[in-house]
Amino acid sequence: MNFLDFEKPIAELEGKIEELRHLSDSDEINIAEEINRLQLKVDKLLRATYSKLSPWQKSQVARHPDRPHLSDYIARLVSDFTPLAGDRSFADDKAIIGGLGRFRGQSVMVIGHEKGHDTESRVLHNFGMAKPEGYRKARRLMEMADHFRIPVLTLVDTAGAYPGVDAEARGQAEAIARSIETCLDIRVPLISVIIGEGGSGGAIALAAGNVVLMLEHAIYSVISPEGCASILWRSGDAAKDAAEALRLTAQDLHALEVIDEIVPEPLGGAHRNPEVTISTLGDHIERSLKTLCLIEGGVLRARRREKFLAMGKVGLS
Amino acid sequence: MNWLTNFVRPKIQRLVRPREVPENLWDKCPQCGHMIFHRDLAKTLSVCPHCDHHMRLEVKARLASLFDGGQYQRIELPKSVVDPLKFRDSKRYVDRLRDSQAKTSEQDAIVVAHGKIGGTNTVIAAFNFAFMGGSMGMAVGDGIVAAAELAILQDAALILIPASGGARMQEGILSLMQMARTTVAVDKVKEKGLPYIVLLTDPTTGGVSASFAMLGDIHISEPGAVIGFAGARVIETTIREKLPDGFQRAEYLLEHGMVDMVVHRHKLPETLATLLGLLRHRGPAGQVLSLPVDIPDSFETDTGD
Ligand SMILES: [Zn+2]
């Protein structure tokens, strides 16, 4: 388990528990009691810490290396997953994974960013930062789903679209624009979930859905706190302040009506219990999907467009 | 020439020389050079048991391997115009056709059949490479058009399996026109919302690759298949450079975004069944689910573990 800075007191307690578990020669009953006592303390501390995470702390939780990623969600929620590759013009971008599968009995097209879980896979997936070919693949797959009347599920987890010369040369901006346009054009249900980081244009390219869900400690923002700090504060050290100012938490975005639902995370964050996180999200998706599947395609499209047209009508009180 | 041929008397030569391998019983893997007994090769669907190289698969074996239980019905194809240009090179085209027909016992380079794959009604049009290199002329075009029409008539999925060097030169401009003709045919299937899958096999080049073969909803390729427009030799002569290893191979196309997946021949039936099931909203129990009204009221909960 990787511990974040603000989790140090929790880490220390859990370290003690671990030590006690390895002591077997002394009085077993006393040890068990002590472990129980410490475990309660850990839970209490976790509850206290995670119930009032600051936006900056949430940014760290959202990027936690042990947090479940797209491939974990697919493995547990989607059977018969059949990945589809390529933009039919330049490359297959592995920062975005997409394919057909079955979610609780229903055919779905799943598309999302994959960050990778170790050095090798992070490099393979370019840390979840997609290039134009990634967004063009996403667009192709959304259009395919539309054609076959299959609902689309997008899972967003990216620091942002890849900033690079090659990406610009191939039209990063155009690719993102077309991907957003396609999100808003299809006549099948589109459910988007911000599962970790929702970084800028690279995120909304997949996230203009009928329903946008967001995990309790995920973040979604026009720019990363660090990026914002270096531009407006002229210092990366101000990231904490920028995180506050950007209103990037699920709770703020819900109040702003940018997202529709907050999906609760288990005690101590998604990384402490990926299994529960994933199945909870599955239940939320299923509920939305069932409702959306009853709505006619043209209406789905119109409502989605109206919803995004009306964005920003609500301010924070 | 070795010393045997030159210096040893023929009788001894016959004893020392390895026995000629009867051509029809043994095949040599072009990749690893192993000799493989024909029965073994039939069992592995012409995949080399030593190095996994995918050799060309005879068209009937191909169909039997893909349809559920090996069961399928071939359809009779319309009589096409024969030799419309009265073409001859060193040999008359009609004679070449007759030779190929005698050699393959087929009328031309395409076979159309229908049956079920994973329970889904499916029409397959498969190229027969043994017939003039699978080249596409009027008859092949007719076969693809017939397959597309049959798919629409049966509300079935369409799978095209090219194995072709490209257009049939002996039919000149009319073979070129098959590129436009087959494009219309497959687009009609797509307009009906029926799945159109292309299974790219070795080789898919020239006018075949540059028409219906690149227009699938989903592109699947066999490992190592050569897929491309211009022939490698033509490119090398033009740019005067040696082409990189793996150029125009299936894996190269996957990397370059042109195909969805490269699938081992033995995994193809399973992959196609899954895809067709998903695209046609077939539930695990075979019930057809469709949007927007027929959503199952109790979603299954046994998925993912
Ligand atoms: Zn071999």
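Reading the values: rules and limits
Residues numbered from 1 in each chain as written. Chains lettered and ligands numbered in written order. Predicted model: local features only at pLDDT ≥ 70, side-chain atom pairs only at ≥ 80, totals over all residues. Helix = DSSP H or I, 4+ residues; strand = E, 2+ residues; numbered from the N terminus. Rg over C-alpha atoms; globule rule 2.2 N^0.38 Å. Buried ≥ 20, exposed ≤ 12 C-beta atoms within 10 Å, placed from the backbone. Contact = placed C-beta atoms within 7 Å. Domains from an automatic or database assignment. Core = buried A, V, L, I, M, F, W, Y, C linked by C-beta atoms within 7 Å. Axes fitted to C-alpha atoms, helices over the stretch in contact; angles between N-to-C directions. Parallel < 35°, antiparallel > 145°, perpendicular 65-115°, else oblique. Nonpolar A, V, L, I, M, F, W, Y, C, P; charged D, E, K, R; others polar. Pairing = 2+ DSSP bridges. UniProt positions renumbered as here; feature names shortened; annotations may be inferred. Expected span 1.5 Å × (residues − 1). Left-handed = near helix turned anticlockwise from the far one by under 90°. Right-handed = clockwise from strand over helix to strand, strands pointing away. pLDDT = per-residue confidence, 0-100.

With respect to the overall build of chain A
Move 1: Counting secondary structure elements, chain A contains 14 helices and 8 strands.
Move 2: For 317 residues, the compact-globule estimate of 2.2 N^0.38 gives 20 Å, and the C-alpha radius of gyration of chain A, at 21 Å, lies within 12% of that figure.
Move 3: Across its three principal directions, the C-alpha atoms of chain A cover 70 × 50 × 45 Å.
Move 4: In chain A, which comprises 317 residues, the proportion classed as buried is 47%.
Move 5: For chain A, contacts bridging at least 24 residues in sequence account for 71% of all contacts bridging at least 6.

Considering the overall build of chain B
Move 1: Assigned secondary structure in chain B consists of 11 helices and 11 strands.
Move 2: Per-residue burial over chain B gives 40% buried out of 305 residues.
Move 3: Long-range pairs, those at least 24 residues apart, make up 65% of the contacts in chain B with a sequence separation of at least 6.

A closer look at the domain arrangement of chain A
Move 1: Domain boundaries in chain A define domain 1 (5-52) and domain 2 (59-309).
Move 2: With centres defined by C-alpha atoms, the gap from domain 1 of chain A to domain 2 of chain A works out at 36 Å.

Remarks on the nonpolar core
Move 1: If you look at the biggest cluster of nonpolar residues, it comprises 143 residues, and the most contacted ones within it are Met-214 of chain A together with Ile-144, Leu-158 and Ile-197 of chain B.
Move 2: Top element by residues in this core is helix H6 (residues 138-154) of chain B. It accounts for 8 residues.
Move 3: Dropping the residues within four chain positions of it, Ile-144 of chain B is found in contact with Ile-110, Ala-125, Leu-160, Thr-182, Ala-185 and Phe-212 of chain B.

Brief notes about the packing of helix H3 (residues 55-62) of chain A against helix H11 (residues 239-246) of chain A
Residues and elements named next belong to chain A.
Move 1: Running from N to C, H3 and H11 cross one another at 95°; their axes reach a closest spacing of 7 Å. Of the possible angle classes, the one that applies to H3 and H11 is roughly perpendicular. From H3, Pro-55, Trp-56 and Ser-59 reach across to H11, where they touch Ala-239, Lys-240, Ala-243 and Glu-244.
Move 2: Its residues assigned to classes, the contact of H3 with H11 comprises 4 nonpolar, 1 polar and 2 charged.

Structural notes on the sheet that holds strand E5 (residues 120-127) of chain B
Residue and element names in this part refer to chain B.
Move 1: An order of E3-E4-E5-E6-E7-E9-E11 is seen for the 7 strands of this open sheet, with the pairing classed as mixed. Since the sheet does not close on itself, it has two edges, and those belong to strand E3 (72-74) and strand E11 (261-262), each with one partner.
Move 2: Alignment of strand E6 (residues 157-161) against strand E7 (residues 196-200), held across 3 bridges, turns out to be parallel. Looking at the pairing, Leu-160 lines up with Val-198 of E7.
Move 3: Sheet strands touched by helix H4 (residues 59-66): E3, strand E4 (110-117), E5 and E6. Its angle to E5, the strand with the most contacts, is close to 165°.
Move 4: Against the sheet, helix H11 (residues 268-279) engages E4, E5, E6, E7 and strand E9 (218-221), with an angle of about 65° to E4.

Regarding unusual backbone geometry
Move 1: In this structure, Pro-203 of chain B follows Asp-202 of chain B across a cis peptide bond, with omega equal to -15°.
Move 2: Of note in this structure, Ser-200 of chain A is not a glycine but carries a positive phi near 60°.
Move 3: In this structure, Ser-200 of chain A sits in helix H9 (residues 200-204).
Move 4: Notably, Lys-86 of chain B is not glycine yet its phi reads approximately 50°, a positive angle.

Things to note about the UniProt feature "domain: CoA carboxyltransferase C-terminal" (unreviewed entry) in chain A
Move 1: The UniProt entry lists residues 37-291 of chain A under the feature "domain: CoA carboxyltransferase C-terminal" (unreviewed entry), expressed in the numbering used here.
Move 2: Secondary structure across residues 37-291 of chain A comprises 45% helix and 20% strand; the distance between its end C-alpha atoms is 45 Å.

Observations regarding the UniProt feature "zinc finger region: C4-type" (unreviewed entry) in chain B
Move 1: Mapped onto this numbering, the UniProt entry gives "zinc finger region: C4-type" (unreviewed entry) at residues 29-51 of chain B.
Move 2: Between the end C-alpha atoms of residues 29-51 of chain B the distance is 9 Å, and the span holds 26% helix and 13% strand.

Thoughts on the domain arrangement of chain B
All names here are of chain B.
Move 1: Segmentation of chain B into domains returns domain 1 (20-55) and domain 2 (57-279).
Move 2: Summarising the inter-unit geometry, the C-alpha centres of domain 1 and domain 2 are found 24 Å apart.
Move 3: Contacts between the two partners involve 5 residues from domain 1 and, on the opposite side, 9 residues from domain 2.
Move 4: Split into classes, the residues belonging to the side of domain 1 that touches domain 2 amount to 2 nonpolar, 3 polar and no charged.

Some words on helix H6 (residues 132-147) of chain A
Residues and elements named next belong to chain A.
Move 1: Compared with the 22 Å implied by 1.5 Å per residue over 16 residues, the 22 Å span of H6 between its first and last C-alpha is a close match.
Move 2: Most of H6 is tucked away, with 13 of its 16 residues classed as buried.
Move 3: Where H6 terminates, the next one or two residues include Arg-149, which has phi positive at roughly 55°.

Comments concerning the packing of helix H4 (residues 70-77) of chain A against helix H13 (residues 274-292) of chain A
Residues and elements named next belong to chain A.
Move 1: Two numbers describe how H4 lies on H13: the axes approach to 10 Å, and their chain directions differ by 70°. By the criterion of interaxial angle, the relationship of H4 to H13 is roughly perpendicular. The chirality of how H4 crosses H13 is right-handed. Here Asp-72, Tyr-73, Arg-76 and Leu-77 of H4 lie close against H13, whose contacting residues are Pro-274, Ile-278 and Gly-282.

Some details on the pairing of E5 of chain B
Residue and element names in this part refer to chain B.
Move 1: Most of E5 is tucked away, with 7 of its 8 residues classed as buried.
Move 2: Taken together, the 8 bridges between E4 and E5 define a ladder with antiparallel strand orientation. Paired with Val-112 across the bridge in E5 is Ala-125.
Move 3: Remark: 2 residues form the turn of the hairpin made by E4 and E5, two consecutive strands paired antiparallel; Gly-118 in that turn has positive phi of roughly 55°.
Move 4: In this view, the connection linking E5 to its parallel neighbour E6 by way of H6 has right-handed handedness.

Side note on the environment of Gly-166 of chain B
Residues and elements named next belong to chain B.
Move 1: Within the fold, Gly-166 resides in the loop between E6 and helix H7 (172-191).
Move 2: With 24 C-beta atoms counted inside 10 Å, the residue Gly-166 sits in the buried group.
Move 3: Once the C-alpha coordinates of Gly-166 and Gly-137 are considered, the two residues, 29 residues apart in sequence, prove to be 9.2 Å apart.
Move 4: The residues touching Gly-166, leaving out its near neighbours within four places in the chain, are Ser-135, Met-136, Thr-205, Gly-206, Gly-207 and Val-208.

Topic: H3 of chain A
Move 1: Across the 8 residues that make up H3 of chain A, a large majority, 6, are buried.
Move 2: Considered for burial, the residues of H3 of chain A that qualify are Pro-55, Gln-57, Lys-58, Ser-59, Val-61 and Ala-62 of chain A.

Topic: the confidence of the model for chain B
Residues and elements named next belong to chain B.
Move 1: Counting all residues, the mean pLDDT for chain B is 88, and 85% of those residues have values of 70 or more.
Move 2: Here residues 1-8 scores under 50 on pLDDT; set against residues more than four positions off or in separate chains, the count is 6 contacts.
Move 3: The low-confidence segment residues 292-305, where pLDDT is below 50, has 34 contacts with residues more than four positions distant or belonging to other chains.
Move 4: Predicted complex, confidence summary: ipTM 0.82, pTM 0.86.

Things to note about the pairing of strand E6 (residues 211-215) of chain A
Residue and element names in this part refer to chain A.
Move 1: In terms of burial, E6 is largely enclosed, as 5 of its 5 residues are buried.
Move 2: Alternating positions in E6 separate into two faces, Val-211, Leu-213 and Leu-215 on one and Val-212 and Met-214 on the other, with burial throughout.
Move 3: Relative to E6, strand E5 (residues 190-199) runs parallel, the two being bridged by 4 bridges. Counted as the bridge partner of Ile-191 is Val-211 from E6.
Move 4: Where E6 lies against strand E8 (residues 261-263), 3 bridges are found, and the strand directions are parallel. Among the inter-strand pairings, Met-214 is bridged to a residue of E8, identified as Ile-262.

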